[in-house]
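Listed below, chain by chain, are the residues.
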Amino acid sequence: MDLKEFLKRVPIFSDFSEEELNKLLEIAKKKDFKKDTVIFQKDETGNFFFLICSGKIKVILETEEGKEGILSILYPTEFFGEMSLLDGEPRSATVVALEDTTVMIINREDFLNLLYNHPQIALKILRTLSLRLRKANRQIETLMFLDAPGRIARVIIDIAMERGHPIKNGILIDLDFTRQELGNIVGISRETAIRVLKSFEDEGIIDIKKNHILIRDISKLREKIY
């Protein structure tokens, strides 16, 4: 992977000149993580900012009994680990590689200098944090007020809005995580997630093919939320 060409496609660095990108490459390092590797644990000291180059990660919280709740799933060009660097507090969640993943890392001192010298990065990070907070608020609302079909419907619609591909028969989305992980996102069991997806399929709302879902009737899907 040409890291400089990749960085040109990363929204938070989109305003950088060639010289600035070269300076960024001087302070950044690439690191590879195998699937299921814990990148960092909740409550660890935060020393690095991470940018996903390839693969994907999940941000999770775990109960004392070992149950897992997925806060978010992040993809290439997205970043994580910035909160501890900004507020000096320990990591607020655990991050795990969902597949073989390559990240770019920047240590705390270099990251803070980067923000000082490029205020536009700070603004873009704040915008991303604001979007994540809004998403977290929706997740709380989902868990508090929606039944299992409503929870699954909201996740599918969110994925469609973020990464859906409009095609002739509807909207195609990648469901590139397991049914267990889908259940963990919305706080239901794997079996319930499978049952809800099957009921949506029986109603003609979606079609499921391997790791893809075709949304045939997004209006009916939205009705599940209300």
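A brief look at the structure comes next. (Residues numbered from 1 in each chain as written. Predicted model: local features only at pLDDT ≥ 70, side-chain atom pairs only at ≥ 80, totals over all residues. Heavy atoms only, no water.)

**Quick look at the overall build of the protein**
Inference 1: From N to C terminus, the protein includes 9 helices and 12 strands.
Inference 2: Relative to the globule expectation of 17 Å for 226 residues, the C-alpha radius of gyration of the protein, 19 Å, shows essentially globular dimensions.
Inference 3: On the principal axes, the C-alpha backbone points of the protein span a range of 55 × 45 × 30 Å.
Inference 4: Split into buried and exposed, the 226 residues of the protein put 42% on the buried side.
Inference 5: Of the roughly 12600 Å² of accessible surface on the protein, a fraction of 51% belongs to carbon and sulfur atoms.
Inference 6: With 35 positive and 37 negative side-chain charges, the protein shows a separation of 4 Å between the mean positions of the two kinds. (Helix = DSSP H or I, 4+ residues; strand = E, 2+ residues; numbered from the N terminus. Rg over C-alpha atoms; globule rule 2.2 N^0.38 Å. Buried < 20%, exposed > 50% of the residue type's maximum accessible area, 1.4 Å probe, protein only. Areas by Shrake-Rupley, 256 points an atom, 1.4 Å probe, with all protein chains shown as cover. Lys, Arg positive; Asp, Glu negative; His and termini not counted. Charge placed at Lys NZ, Arg CZ, Asp CG, Glu CD.)

**As for helix H7 (residues 179-186)**
Inference 1: Of all 8 residues in H7, 7 are buried, a share of seventy percent or more.
Inference 2: Listing the buried residues of H7 in full gives Arg179, Glu181, Leu182, Gly183, Asn184, Ile185 and Val186.
Inference 3: Phi turns positive one or two residues past the end of H7, at Gly187, with a value near 75 degrees.

**Concerning the pattern of salt bridges**
Inference 1: This structure, assessed with the given rule, holds 17 salt bridges.
Inference 2: For Lys4, the salt bridge goes to Glu18, with nearest N and O atoms at 3.3 Å. Residue Lys4 is found in helix H1 (residues 3-7), and its partner Glu18 is found in helix H2 (residues 18-27); the two are separated by 14 residues along the sequence.
Inference 3: Here the salt bridges share partners, and the residues they tie into one network are Lys4, Glu5, Lys8 and Glu18. (Salt bridge = Lys/Arg side-chain N within 4 Å of Asp/Glu carboxyl O.)

**Let's talk about the sheet that holds strand S3 (residues 48-54)**
Backbone-to-backbone hydrogen bonds join strands into a sheet, with any given pair of strands oriented parallel or antiparallel.
Inference 1: Read from one edge of the open sheet, 4 strands run S1-S8-S3-S6, paired in antiparallel fashion. Edge positions in the open sheet fall to strand S1 (29-33) and strand S6 (79-80), since each of these has one partner strand only.
Inference 2: In this sheet, strand S8 (residues 101-107) lies alongside S3 in antiparallel orientation, the contact comprising 6 bridges. Paired with Ile52 across the bridge in S8 is Val103.
Inference 3: Helix-sheet contacts for helix H4 (residues 108-117) involve S3 and S8, and the interaxial angle to S8 is about 75 degrees. (Pairing = 2+ DSSP bridges. Contact = heavy atoms within 4.5 Å. Axes fitted to C-alpha atoms, helices over the stretch in contact; angles between N-to-C directions.)

**Details of the sheet that holds strand S12 (residues 212-215)**
Inference 1: If you trace the 4 strands from one edge of the open sheet to the other, you get S9-S10-S12-S11, paired in antiparallel fashion. Here the strands that pair on one side only, and so sit at the sheet edges, are strand S9 (165-167) and strand S11 (206-209). For this sheet, the mean inter-axis angle between neighbouring strands, taken without regard to orientation, is 25 degrees.
Inference 2: Here S9 runs beside strand S10 (residues 170-174); their pairing, made up of 3 bridges, is antiparallel. Bridge assignment links Pro166 to a residue of S10, and that residue is Ile171.
Inference 3: Relative to the sheet, helix H8 (residues 190-202) contacts S11 and S12, its axis offset from that of S11 by approximately 120 degrees.

**So, the nonpolar core**
Inference 1: In terms of nonpolar packing, the biggest core is built from 34 residues, with Ile152, Ile156, Phe200 and Ile215 touching the most fellow members.
Inference 2: Contributing elements (two or more residues each) for this core: strand S5 (68-74), helix H6 (148-163), S10, H7, H8, S12 and helix H9 (218-223).
Inference 3: In terms of residue count, the dominant contributor to this core is H6 (8 residues).
Inference 4: Not counting residues within four places of it along the chain, the set of residues in contact with Phe200 comprises Pro149, Ile152, Ala153, Ile156, Ile205, Ile206, Leu221 and Lys224.
Inference 5: Ranked by size, the runner-up nonpolar core spans 22 residues in total, among them Ile12, Phe16, Leu51 and Leu85. (Core = buried A, V, L, I, M, F, W, Y, C linked by side-chain atoms within 4.5 Å.)

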